[in-house]
Amino acid sequence: MTVHEIKESLGWKAFHIADPDRQVRGGYAGDLLSWVMGRAGQDCAWLTIMSNQNVAAVALMADVACVVLTEGVEPDADLLRRAKEKEVTLLGTGEDTYTAACRLHTCLE
């Protein structure tokens, strides 16, 4: 599924969509940035509660399809600015991380 299709199917909020047609091939949930860099799969949706500008850098290094801020977290101004500059897709949901991950998994089946 594409980023746009997932956003629409799950009703997630778009903070910034860099490439709506990018394929999402899995998911990864984690908040320890160094852990995410080494473990998140390319083209995955990364679910996190982290909302600072370092998220954009990690998303680029890991080459994730999108970042999903869970638990109702909003990106801080620096993250939103960096996401737009670096073309990192940022989505959001009020769901807890577990629920969002389960729904993403079901959507990708």
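Please refer to the structure higher up on the page.
If you're wondering where the values come from, they're calculated on a predicted model, not measured in any experiment.

### Details of helix 3 (residues 54-62)
(1) Moving on: Among the residues of helix 3, those classed as buried are Val55, Ala56, Val58, Ala59 and Ala62. Along the axis of helix 3, the buried residues cluster in a sector spanning 165°; they form a single face.
(2) Moving on: Structurally, helix 3 contributes buried residues whose contacts are with helix 2 (33-39), strand 3 (45-48), strand 4 (66-69) and helix 4 (77-86).
(3) Moving on: Downstream of helix 3 by a residue or two, Asp63 has a phi angle that is positive, lying close to 55°.

### Description of the pairing of strand 3
(1) Moving on: Residue alternation in strand 3 divides its side chains into two sets, Ala45 and Leu47 and Trp46 and Thr48, and both sets are buried.
(2) Moving on: Summarising the sheet, strand 2 (residues 27-29) and strand 3 pair through three bridges and their orientation is parallel. Within strand 3, the position partnered with Tyr28 by the bridge is Trp46.
(3) Moving on: Crossover strand 2 to strand 3 through helix 2 is right-handed.
(4) Moving on: Looking at chain direction, strand 3 and strand 4 are connected through four bridges and run parallel. Pairing of Thr48 across the sheet is with Leu69, part of strand 4.

Calculation criteria
- Residues numbered from 1 in each chain as written.
- Predicted model: local features only at pLDDT ≥ 70, side-chain atom pairs only at ≥ 80, totals over all residues.
- Heavy atoms only, no water.
- Buried < 20%, exposed > 50% of the residue type's maximum accessible area, 1.4 Å probe, protein only.
- Helix = DSSP H or I, 4+ residues; strand = E, 2+ residues; numbered from the N terminus.
- Arc of directions from axis to C-beta.
- Contact = heavy atoms within 4.5 Å.
- Pairing = 2+ DSSP bridges.
- Right-handed = clockwise from strand over helix to strand, strands pointing away.

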